[in-house]
Number of protein chains: 2
Amino acid sequence: MARKVTSQDVAREAGVSRSAVSMVLNGRAEGAISAVNQKAVREAAERLGYRPNRIAQSLRDQTSHTIGVISDSIVTGAFGGPMLAGASVRAAESDYVLLVMGSDGRTDRNAEFIDALLARQVDGLIYAAEGMTAWAPPRIFRREPHILLNAFDPSGGSTGVVCDEVEGGYRATCLLLDAGHRDIVALTGTPDVEATGRRSAGHQRALAEAGIRGRELVCGWEIDRGLDLGTRVLEAEDRPTGVVCANDRVAAGVLLAAARLGLRVPEDVSVVGYDDDPNVAPQLGLSTVGIPHREMGVRAVDLLLGSLGEASLPGGEVVVPTPVMRRGSVAPPSR
Amino acid sequence: MARKVTSQDVAREAGVSRSAVSMVLNGRAEGAISAVNQKAVREAAERLGYRPNRIAQSLRDQTSHTIGVISDSIVTGAFGGPMLAGASVRAAESDYVLLVMGSDGRTDRNAEFIDALLARQVDGLIYAAEGMTAWAPPRIFRREPHILLNAFDPSGGSTGVVCDEVEGGYRATCLLLDAGHRDIVALTGTPDVEATGRRSAGHQRALAEAGIRGRELVCGWEIDRGLDLGTRVLEAEDRPTGVVCANDRVAAGVLLAAARLGLRVPEDVSVVGYDDDPNVAPQLGLSTVGIPHREMGVRAVDLLLGSLGEASLPGGEVVVPTPVMRRGSVAPPSR
DNA sequence: CTGTTAGCGCATTCAG
DNA sequence: CTGAATGCGCTAACAG
């Protein structure tokens, strides 16, 4: 921290007192400071490039205008970014700033991180996860205003902003159903991930409403798994007319499998992804269900900031809707 | 900021003065405070859960132990994350914390962000970019200790941490050359991106050393472009035996194209990617050149922190080497 | 209308 | 060995 200009400097330059400077610059001058002096203060501040020291303000006001973000994974994949961006921009709008600590996998360091954040007097805490996770906030975390982002408290005590995975699973399947498909295979993610079960529930509901039974195969999350299982499913006797995938990367794998087998998409088989992965879905023309990461980040900061004022958070899950993206990978079945 | 326990509270609890507390907790107690009192202080601090208020410390020490990170894009893609993670972890090691502001594309807000950061008395500034970019730091930025991450100052005045793109392009091509390929096509990125030219230079050098001429086709960065150009290149009369791609997504597109054309990889054609994209390359078994994002983040913080002490930054580019990843997508040519 | 004072929490003098 | 005093930069209350 180099030598900075203080309100004292401005006061001297303008020939007034420090409190006069403070009042003028904080809009508390009306009916208190003469117009000439107000002008003098403003000009002096401008000339000197005065910027109030927020550290000093924080100490005095007992509020740091700072939110601590902690995560063991946000900083790893493609989705943490937009979430952070949403949070950062929303925070900036309210003149807040994000203090970010990411351990990139070492969850054992979380306690240490929370400590560092609290020592810096953050006004609130966000725990953010890359993929939807159950996370039980430790007591030290719960004692501060806090919210979970893309995570939920299994005990339901803390509030978590998540997207509507059940509805998402439902909508993904409807993409196929609405086009007339009756023979559908779902390539699901791994059961260790919470979202897998929820999407599956939505999927089953959609199937039930249509009065048909589908097949679910545990696949995983990566493109090579999509290639493997996609190949197996598409070269079988009972080849389905539509495939819903765990995510867009898996769907890309299925596209690859179809290509190798000489099958056209969507003429011979329709494919639906999940995530609306910005690196995959638009380029491949994948119909998919999006996860509004950015919006979730905005929402979390919104709620957290709100809870700083009065309304305390209700607990449980705040559900953000999942948008359906219709692109070219779905068509009516040919048989 | 809820009611917090202060050093005053600890002093009262331990029955000593505030200065005694300060000395004990800062290791300045030897030969100054009696052992009994030292113990009393430590226990009282523990019991009360005392955590020194870093805002107050900052005000006093004139150093916030905080680094401002600003970016218009880091928060968007898959690579900003690891960079941030490296930076965050390295900073934490030195008891620093990252204040992150990402505009997610709105570069016009940078000035506003820098202001917010400076008002918070950050000790240093990092400008981070998702993909290597030229960025001329504004004066207000240059006045503080600063460094660019995955970016460089066209004027060379400021220091930027970048990876060795020329060498990367060289190595990518060598992957093919070393396997015996003599008929190579390069699918390059768009010329607006600095990395494109650098990789191309390395590519040409490798070709020249091998005494052969290759073909370069401007392709772009997305999987659909790889599919398009891959198809065109692979179905042509003069089909090459090896293809080097702008990145792993393009390579995935080429793989798709090969599959559709009934060509096997690597038997019929070898493919090399770039980036070592964690979502693509390992799963597809892509031989590729990695970009050490995490390491770059570490390096930037390292240098910045170092420059806070004494040694000022040299200016120009600090180049981090690019690792070669050999996987299964390259084999000797069949003809 | 303006200037002075006090105190946010801390670490460092300097007297005792 | 310890306690009181000082100042970091700011704003609100209060006295002039």
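Residues numbered from 1 in each chain as written. Chains lettered and ligands numbered in written order. Predicted model: local features only at pLDDT ≥ 70, side-chain atom pairs only at ≥ 80, totals over all residues. Heavy atoms only, no water.

The name that an unreviewed UniProt entry assigns to chain A is HTH lacI-type domain-containing protein, with the source organism given as Acidipropionibacterium acidipropionici.

A. Spatial organisation of the protein's contact with DNA strand D. Inspection of the region around DNA strand D gives 23 residues, with S7, R18 and Y50 of chain A together with S17 and N37 of chain B positioned closest. Counted by atom, the contact set of DNA strand D within 4 Å of the protein is 68% sugar and phosphate. Here Q62 of chain B contributes a side-chain N or O atom positioned 3.2 Å from a sugar or linking oxygen of DNA strand D. Elements that contribute at least two residues to the surface near DNA strand D include exactly α2 (18-25) and α4 (54-61) of chain A together with α4 (54-61) of chain B. Looking at the surface near DNA strand D residue by residue, the classes come out as seven nonpolar, twelve polar and four charged. (Near = heavy atom within 4 Å. Polar contact = N/O pair within 3.5 Å; in protein donor to acceptor, adjacent residues only side chain to side chain. Helix = DSSP H or I, 4+ residues; strand = E, 2+ residues; numbered from the N terminus. Nonpolar A, V, L, I, M, F, W, Y, C, P; charged D, E, K, R; others polar.)

B. Highlighting the UniProt feature "domain: HTH lacI-type" (unreviewed entry) in chain A. Within the UniProt annotation, "domain: HTH lacI-type" (unreviewed entry) is assigned to residues 5-61 of chain A. Taken end to end, residues 5-61 of chain A has its terminal C-alpha atoms 20 Å apart, with 67% of it in helix and 0% in strand. (UniProt positions renumbered as here; feature names shortened; annotations may be inferred.)

C. Here's a closer look at the pairing of strand β1 (residues 66-71) of chain A. All names here are of chain A. Most of β1 sits out of view: six of its six residues are buried. Here six bridges tie β1 to strand β2 (residues 97-102), and the two strands are oriented parallel to one another. Bridging from a neighbouring strand, S71 pairs with G102 of β2. As paired strands, β1 and strand β3 (residues 124-134) are joined by four bridges and run parallel to one another. Bridge assignment links G68 to a residue of β3, and that residue is L125. (Buried < 20%, exposed > 50% of the residue type's maximum accessible area, 1.4 Å probe, protein only. Pairing = 2+ DSSP bridges.)

D. Here's a closer look at the relation of the copies chain B and chain A. Mapping chain B onto chain A leaves a residual RMSD of 0.1 Å; the transformation is a rotation of 180° accompanied by 0.0 Å of translation along its axis. Each copy turns onto its partner about a two-fold axis. A share of 100% of interface residues in chain B that are also interface residues in chain A marks the association as one of identical surfaces. (Least-squares fit on C-alpha atoms with pLDDT ≥ 70 in both. Contact = heavy atoms within 4.5 Å.)

E. Region of the structure containing the packing of helix α11 (residues 248-260) of chain A against helix α11 (residues 248-260) of chain B. As a packed pair, α11 of chain A and α11 of chain B sit with axes 7 Å apart at the nearest point and diverge in direction by 25°. Classed by the angle they form, the pair α11 of chain A and α11 of chain B counts as roughly parallel. As for how α11 of chain A packs across α11 of chain B, the hand of that crossing is left-handed. Residues L255, L256, A259 and R260 of chain A of α11 of chain A touch α11 of chain B, and the partners they reach there are L255, L256, A259 and R260 of chain B. Looking at the contact of α11 of chain A with α11 of chain B residue by residue, the classes come out as six nonpolar, no polar and two charged. (Axes fitted to C-alpha atoms, helices over the stretch in contact; angles between N-to-C directions. Parallel < 35°, antiparallel > 145°, perpendicular 65-115°, else oblique. Left-handed = near helix turned anticlockwise from the far one by under 90°.)

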